[in-house]
Amino acid sequence: MALFGGKADAKKGDMLYAWTNDADLAKKAECGGAVTELLKYALESKTVDAVLAVKRGVDLYDAVPTIVTNPKDLDACAGSLHCGTLLLSKLVMEYVPKMSGKKLGMVVKGCDLMGLLELSKRKLVNLDNILMVGVNCGGSVSPVTARKMIKEKFGVDPNTVTKEEIDKGQFIIEYEGGHKGISMDELEEAGYGRRSNCRRCKLKVPRQADIACGNWGVIGDKAGKATFVEVCSAKGADLLDGAVKAGVIKTEAPNPKGLEIRAKVENAMYKLSDKWRKKDFEGLGEGRERLKKIVKETSRCIKCYACIENCPICYCVECSTKKPYLVKPGEVPPNFMFHLIRFAHIADSCVNCGQCQELCAMDIPNALFMHAQQVELEKMFGHVPGVDMSLPLLALVEEREERDRLSATGSDQIFDIFK
Ligand code: FAD
Ligand code: SF4
Ligand code: SF4
Ligand code: SF4
Ligand code: SF4
């Protein structure tokens, strides 16, 4: 058996509706359950040795990363957690070395994927060992904002909410005693809704993954019951073919009107991202005014290092912000040099994942500052981080001898000006 009624095997670029053949999984899944079923099949067929996915923790505001090796355990991960603001890319650096060359399957949102590509450029992860099942992503809501929004805008106790979803531009909740939806635009104009980095994000369909799955474009009798699947690589095509042949996934050609709607929604999302970029960056001002704002906001910093530890681009064993001759130890707030180091080292490669802002102990809008600088560099040099394997700008200024010196000394310092 093959796709589309037996005519052809899957290939890169194919788009289709897909759904699990398992009725129990279908009930738990977000729409068609294709993501969970494909990953289960990847484990069962030994395409991968383990899967890194996300499951619900103590409540629906708590998204927990989890490593699964038994296919049956993947059912517990089914469903989308829109308050799951976590980033999986850097976790791979933790897990993969311990797996010693084994294969890992992963669910990736756009930001997870962009972080992985940047790590791969730096030879910190090997994408050949990773199977990426992408999920489209319109954005996620910070758990703290979600609770506040549900209490203040929905008038509902956040602890009584049993289900949340984002559908047709609305944030919808089901709670003990009813359900309610409010338009995302209205929520965001009032300062709630998606994280600010998500509003500016332009990687809504992760086509750099092996397969991209979502709900946009599923209409008619399959609405809510099938996953929209776009095949993005030969690896993704093999996975889908295998799952179809094993009889665990069913597919059909997408409704042409659905295809049209999906393209329209995707484009509308990019326009909206441009609108938010303009608004956020203009709000920062320019030149000296922008610098003053950044200095003022970062003067709250308590040097907890969360921005560095959770950034997918920051990975150095010896971080320059810990060098006493650059940032005086024991001083809080740290000298502005602490932030300048990060700006100088990674602004060209920031993927706007939002972690440095979401997890900042002092609510400093770090992601906004870094993203604003990244976009300026992008305008100047045309380099877009996270979307392909093109090298970061800073790689271009390194000289051959410098690379040789690094390799000979094992140092991670490109220029040791104090020697
Ligand atoms: P399931 O079989 O239910 O599997 C879902 C998988 O997603 C599970 O493996 C789980 O581990 C993983 N997951 C759940 N929450 C997260 C998270 N926060 N981060 C990483 N992985 C997670 N699709 C669209 O077409 N348009 C959108 O605007 C859109 N926005 C989304 C926003 C978020 C935050 C998320 C997580 C998903 C979004 N999706 C969107 C994708 C959609 O909700 C479904 O995940 C997709 O259609 C697959 O459905 P399924 O039934 O096959 O997935
Ligand atoms: Fe989704 Fe982009 Fe936000 Fe990541 S940064 S959660 S991909 S909208
Ligand atoms: Fe993500 Fe912040 Fe690092 Fe940019 S600087 S990649 S937003 S953690
Ligand atoms: Fe990040 Fe620079 Fe520290 Fe490396 S040295 S971890 S790039 S701030
Ligand atoms: Fe400072 Fe915030 Fe970074 Fe912590 S996360 S070091 S408080 S900027």
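Thresholds, definitions, all that
- Residues numbered from 1 in each chain as written.
- Chains lettered and ligands numbered in written order.
- Predicted model: local features only at pLDDT ≥ 70, side-chain atom pairs only at ≥ 80, totals over all residues.
- Heavy atoms only, no water.
- Helix = DSSP H or I, 4+ residues; strand = E, 2+ residues; numbered from the N terminus.
- Rg over C-alpha atoms; globule rule 2.2 N^0.38 Å.
- Buried < 20%, exposed > 50% of the residue type's maximum accessible area, 1.4 Å probe, protein only.
- Pairing = 2+ DSSP bridges.
- Axes fitted to C-alpha atoms, helices over the stretch in contact; angles between N-to-C directions.
- Near = heavy atom within 4 Å.
- Parallel < 35°, antiparallel > 145°, perpendicular 65-115°, else oblique.
- Left-handed = near helix turned anticlockwise from the far one by under 90°.
- Contact = heavy atoms within 4.5 Å.
- Nonpolar A, V, L, I, M, F, W, Y, C, P; charged D, E, K, R; others polar.
- Salt bridge = Lys/Arg side-chain N within 4 Å of Asp/Glu carboxyl O.
- Expected span 1.5 Å × (residues − 1).
- Right-handed = clockwise from strand over helix to strand, strands pointing away.

## A word on the overall build of the chain
- Along its length, the chain carries 17 helices and 11 strands.
- Over its C-alpha trace the chain gives a radius of gyration of 22 Å, about what one expects of a compact globule, namely 22 Å for 419 residues.
- Taken over the C-alpha atoms alone, the chain extends approximately 70 × 55 × 40 Å along its principal axes.
- In the chain, which comprises 419 residues, the share counted as buried stands at 51%.

## Looking at the sheet that holds strand β3 (residues 63–68)
- With mixed pairing, the eight strands of this open sheet are ordered in space as β3-β2-β4-β5-β9-β10-β1-β11. Looking along the sheet, the strands with just one partner apiece sit at the ends: β3 and β11 (249–252). The mean angle between the axes of side-by-side strands here comes to 30 degrees, regardless of whether they run parallel or antiparallel.
- Examined bridge by bridge, strand β9 (residues 211–214) and strand β10 (residues 227–231) share four bridges and lie antiparallel to one another.

## Observations regarding the site of ligand 3
- The immediate surroundings of ligand 3 are formed by 14 residues, with Cys311, Cys350, Cys353, Gly354 and Cys356 found nearest.
- Listing elements by their share of the shell around ligand 3, those giving two or more residues are α13 (337–346), α14 (355–358) and α15 (366–381).

## Brief notes about the sheet that holds strand β6 (residues 161–167)
- One open sheet accounts for three strands, arranged β6-β7-β8; its pairing is antiparallel. Only two strands of the sheet have a single neighbouring strand rather than two, namely β6 and β8 (178–183). Direction aside, the axes of adjacent strands within the sheet are offset by 15 degrees on average.
- Bridge count for strand β7 (residues 170–175) against β8 is six bridges, and the pairing is antiparallel. Note on β8: the bridge partner recorded for Phe171 is Ile182.

## Some thoughts on the packing of helix α11 (residues 287–298) against α15
- Axis separation between α11 and α15 bottoms out at 11 Å; the angle between their running directions is 150 degrees. Classified by the interaxial angle, the pair formed by α11 and α15 is roughly antiparallel. When you trace α11 past α15, the crossing you get is left-handed. Along the contact surface, α11 presents Arg290, Ile294, Glu297 and Thr298, while α15 presents Phe369, Ala372 and Glu376.
- Its residues placed into classes, the contact of α11 with α15 shows three nonpolar, one polar and three charged.

## Regarding the pattern of salt bridges
- Overall, the coordinates contain 30 salt bridges when judged by the stated rule.
- Lys148 serves as the salt-bridge partner of Glu152, at 4.0 Å between the closest nitrogen and oxygen. Highlighted residues: Glu152 and Lys148, both in helix α6 (residues 143–152), separated by four residues, approximately one helical turn.
- Residue Lys148 is classed as partly exposed on the basis of its relative accessible area of 45%.
- What you see here is one network of salt bridges that share partners, running through Asp22, Lys28, Lys40 and Asp75.

## Things to note about α15
- When the terminal C-alpha atoms of α15 are compared, their 22 Å separation across 16 residues agrees well with the 22 Å that a helix rising 1.5 Å per residue should span.
- All of the buried residues in α15 are Asn366, Ala367, Leu368, Phe369, Met370, His371, Ala372, Gln374 and Val375.
- Tucked into the core, α15 has its buried residues touching α8 (196–200), α10 (256–283), α11, α12 (306–309), α13 and α14.
- Among the residues trailing α15, Gly382 stands out with phi positive, at a value near 75 degrees.

## Side note on the site of ligand 5
- Ligand 5 sits among 13 residues. The nearest are Cys301, Cys304, Tyr305, Cys307 and Cys360.
- Of all the elements in the fold, those that place two or more residues in the shell around ligand 5 are α12 and α13.
- Residue classes in the shell around ligand 5 are distributed as 10 nonpolar, two polar and one charged.

## With respect to the side chain of Glu266
- Positionally, Glu266 belongs in helix α10.
- Aside from chain neighbours lying at most four places away, what touches Glu266 is Val205, Arg207 and Trp216.

## Side note on the environment of Ala34
- As for its position among the elements, Ala34 is in helix α3 (residues 34–44).
- As for Ala34 and Lys222, which are separated by 188 residues in sequence, their C-alpha atoms are 13 Å apart.

## Considering the pairing of strand β4 (residues 104–108)
- Within β4, five of the five residues are buried, leaving the element largely enclosed by the surrounding structure.
- Burial along β4 is two-sided: the face carrying Leu104, Met106 and Val108 and the face carrying Gly105 and Val107 are both buried.
- Bridging between strand β2 (residues 50–56) and β4 involves three bridges; their strand directions are parallel. Bridged to Val51 within β4 is Gly105.
- Of the strand pairs in this sheet, β4 and strand β5 (residues 130–135) are connected by five bridges, and their pairing is parallel. Note on β5: the bridge partner recorded for Val108 is Gly134.
- Regarding topology, helix α5 (residues 110–121) serves as the crossover connection from β4 to the parallel β5, and that connection is right-handed.

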